[in-house]
Amino acid sequence: AQCLALSRAEQGTDRLHSTLEQLLLLARVEGSLSFDDGSQCGVEQVVSLAVQDATSSTERIVQTFQFVRPLACLDMPAVLAVAALRNLLDNALRHSPANTQVMVSVTDDSGFALVTVKNVSVEMSQDNIHLLTERFWRGSSSTGCGLGLAIVQAIVERCGCTIKFTTTSQYFEVALGMPLVPAKGENH
């Protein structure tokens, strides 16, 4: 009984630590703190870092790249791009059956890197889709703290990204558009 109590206490401490980290990141994104370190980060590098940071097994994540500009760099701080994608991946892994894969596809879309994260899921009501980015809102079966997608939304607003949620009876999909540094001679 003591081992079980200790295990539950440790799990509770881990959840609290994770929640505090997410709250701190949200406050930093919404504040005036600069994340720009002057460096530029490639799209594939950002996706790779986000996959490595994902909390669950990375074997479930399948990536495809279809870039017209293979060396394209993001026009936003890499740390925020990685945080947004990591939260989308964590969400997809948490809300899909353990024996299914999470598909990540990356395309070049009119000056944006369009990263689509798709996972097997039951259909969500339109009302719930509108609540997804609300702080502390969680679906009935969620084990998260309800901050992951709120942070993604804050990053979208701060960095000029786009985001779109799609749900059907078989899958859930998020398309995150992150601005690219304009190619030479290209107007942005």
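Overview of the structure. (Residues numbered from 1 in each chain as written. Predicted model: local features only at pLDDT ≥ 70, side-chain atom pairs only at ≥ 80, totals over all residues. Heavy atoms only, no water.)

### A closer look at the sheet that holds strand 1 (residues 61-66)
Pairing in this open sheet of five strands is mixed, and the strands run 1-2-3-5-4 from one edge to the other. Among the strands making up the open sheet, the edge pair consists of strand 1 and strand 4 (162-167). Along the sheet, successive strands turn relative to each other by an average axial angle of 15 degrees, direction set aside. Pairing of strand 3 (residues 112-120) with strand 5 (residues 171-179) involves nine bridges; the strand directions are antiparallel. Bridging from a neighbouring strand, K118 pairs with E173 of strand 5. Together, strand 1, strand 2 (102-109), strand 3 and strand 5 form the strand contacts of helix 3 (residues 78-94), whose direction differs from that of strand 5 by roughly 175 degrees. (Pairing = 2+ DSSP bridges. Helix = DSSP H or I, 4+ residues; strand = E, 2+ residues; numbered from the N terminus. Axes fitted to C-alpha atoms, helices over the stretch in contact; angles between N-to-C directions. Contact = heavy atoms within 4.5 Å.)

### Considerations on unusual backbone geometry
Even without being glycine, S110 reaches a positive phi, approximately 50 degrees. Mapped onto the fold, S110 is located in the loop between strand 2 and strand 3.

### Considering the packing of helix 3 against helix 5 (residues 148-159)
The geometry of helix 3 relative to helix 5 is characterised by a closest axis approach of 9 Å and an angle of 150 degrees between their N-to-C directions. What the angle tells us is that helix 3 and helix 5 run roughly antiparallel. Both helix 3 and helix 5 take part in a crossing whose hand is left-handed. Between helix 3, through L80, A83, A84, N87, L88 and N91, and helix 5, the contact on the second element is made entirely by G148, L149, I151, V152, I155, R158 and C159. Across the contact of helix 3 with helix 5, the residue classes tally to nine nonpolar, three polar and one charged. (Parallel < 35°, antiparallel > 145°, perpendicular 65-115°, else oblique. Left-handed = near helix turned anticlockwise from the far one by under 90°. Nonpolar A, V, L, I, M, F, W, Y, C, P; charged D, E, K, R; others polar.)

### Some thoughts on the environment of A83
Along the chain, A83 turns up in helix 3. Separated by 72 residues in the primary sequence, A83 and I155 place their C-alpha atoms 8.7 Å from one another.

### Points about empty space enclosed by the protein
Counting across every chain of the model gives one cavity of 30 Å³ or more. Around the largest cavity, the lining residues are L88, N91, A92, V117, N119, F172 and V174. Mapped onto the lining of the largest cavity, the elements with two or more residues apiece are helix 3, strand 3 and strand 5. Looking at which element gives the most residues to the lining of the largest cavity, the answer is helix 3, with three residues. Per-class residue counts for the lining of the largest cavity are five nonpolar, two polar and no charged. (1 Å grid on protein atoms, 1.4 Å probe; cavity = no way out; pocket = protein on both sides within 12 Å on 5 of 7 lines; lining within 4 Å. Points joined across faces, edges and corners; volume = space filled by probe spheres on them.)

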